[in-house]
Amino acid sequence: MAATVVESFAVTRPFRGVASASALRAAAVASVPSPLGRSRLGLLPRFTGLRCASLSPSPRVKQAAAAPRSRGAVVCEAQKTAVQLPEVTKATWQSLVLDSSVPVLIDFWAPWCGPCRMIEPTVVKLAKAYEGKLKCYKLNTDENPDIATQYGIRSIPTMMIFKNGEKKDAVIGAVPESTLVTSIEKFV
């Protein structure tokens, strides 16, 4: 994890009868360590965005720093760490689900559904645990309403198990891993 340093500055408070306001202003501007504060006559520097410096730069940060940037821009990098299930659609439904030689677990979900996002890592974990014995896919019910209607999906998330092209079991809701394992074990 890289730490960042953000510039800080101090502002002196004027006391009555000690010095004139212009003398205090000049002293305050001179005491600000940032070049931004010295470029303007005022107690506070003009805000032009955060300027961050990395204490332990990674090669990716150095590459990003070498790229041309606009003045005052902050570069943020996010890693794609989430592993996702492969998607099944109306076009691939027959070949991936109904014609499969092994049981198939389908996660009926939608992008706006919070519980669907909560249970996905559990389904991914089970897909790895049952690799070779069970195939796992997800189906977006917003993009494929025909299939969701055909199988009576009224609530998401719904995990449905198919074997030999037939619906065998369904689990509705964001349930614990043990509930899914119990359902899977019946058909594997």
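Residues numbered from 1 in each chain as written. Predicted model: local features only at pLDDT ≥ 70, side-chain atom pairs only at ≥ 80, totals over all residues. Heavy atoms only, no water.

Identification of the protein chain as Thioredoxin domain-containing protein from Ensete ventricosum is taken from an unreviewed UniProt entry.

K.L.:
How do you make sense of the overall build of the protein chain when you look at a structure like this?
P.N.:
On a plain count of helices and strands, the protein chain comes out with 7 helices and 6 strands. For the protein chain, the sequential pattern of α-helices and β-strands runs β-α-α-β-α-α-β-α-β-α-β-β-α. When each of the 188 residues of the protein chain is scored for burial, the buried share is 31%. Looking at the protein chain alone, contacts between residues at least 24 apart form 62% of all its contacts between residues at least 6 apart. On the protein chain, roughly 12500 Å² of surface is accessible, and the fraction owed to carbon and sulfur atoms is 57%. (Helix = DSSP H or I, 4+ residues; strand = E, 2+ residues; numbered from the N terminus. Buried < 20%, exposed > 50% of the residue type's maximum accessible area, 1.4 Å probe, protein only. Contact = heavy atoms within 4.5 Å. Areas by Shrake-Rupley, 256 points an atom, 1.4 Å probe, with all protein chains shown as cover.)

K.L.:
Is there a simple way to think about the environment of Thr-122 in this case?
P.N.:
Relative to the helices and strands, Thr-122 resides in helix α5 (residues 114–129). Classification of Thr-122 as buried rests on a relative accessible area of 19%. Sequence-wise, Thr-122 and Ala-174 are 52 residues apart; in three dimensions their C-alpha atoms are separated by 9.6 Å. Those residues in contact with Thr-122 that sit more than four places away from it in its chain are Glu-177 and Leu-180.

K.L.:
Help me understand α5, please; the structure alone is not making it clear to me.
P.N.:
Since the α-helix packs 3.6 residues into each turn, any two residues three or four apart lie on the same face. Across its 16 residues, α5 extends 24 Å between first and last C-alpha, which sits within 8% of the 22 Å expected from 1.5 Å per residue. Within α5, the axis deviates most sharply at Glu-120, by approximately 30°, and proline Pro-121 lies no more than four positions further along. Where α5 is buried, its residues contact β3 (104–109), β4 (135–140), β5 (158–163) and α7 (177–185). (Expected span 1.5 Å × (residues − 1). Bend = angle between axes of the 7 residues up to and from the residue.)

K.L.:
Can you help me understand the sheet that holds β3 in this one?
P.N.:
Across a sheet, paired strands are connected by hydrogen bonds in the backbone, their directions being either parallel or antiparallel. With mixed pairing, the 4 strands of this open sheet are ordered in space as β4-β3-β5-β6. Across the chains shown, the open sheet's two edge strands, defined by having one partner strand only, are β4 and β6 (166–172). Direction aside, neighbouring strands of the sheet carry axes that sit 25° apart on average. Where β3 meets β4, 6 bridges bridge the pair, whose relative direction is parallel. If you follow Ile-106 over to β4, its bridge partner there is Tyr-137. (Pairing = 2+ DSSP bridges. Axes fitted to C-alpha atoms, helices over the stretch in contact; angles between N-to-C directions.)

K.L.:
Hey, could you run me through the pairing of β5 in this one?
P.N.:
Successive residues of a regular strand alternate their side chains across the two faces of the sheet. Taken across its 6 residues, β5 has 5 buried, putting it largely inside the fold. Looking at chain direction, β3 and β5 are connected through 5 bridges and run antiparallel. Residue pairing in the sheet places Asp-107 in a bridge with Met-159 of β5. Judged from the 6 bridges that link them, β5 and β6 form a sheet pairing that is antiparallel. Within the sheet, the bridge partner assigned to Ile-161 lies in β6 and is Asp-169. Two successive antiparallel strands, β5 and β6, enclose a turn made up of 2 residues, where Asn-164 displays a positive phi of approximately 55°.

K.L.:
Can you walk me through unusual backbone geometry in this structure?
P.N.:
Trans is the common state for peptide bonds, and a negative phi is the common state for residues other than glycine. With an omega of 0°, the peptide bond between Ile-156 and Pro-157 qualifies as cis. Turning to its location among the elements, Pro-157 is positioned in the loop between α6 (145–150) and β5. Backbone geometry places Asn-164, a non-glycine residue, at a positive phi of 55°. Structurally, the position occupied by Asn-164 is in the loop between β5 and β6.

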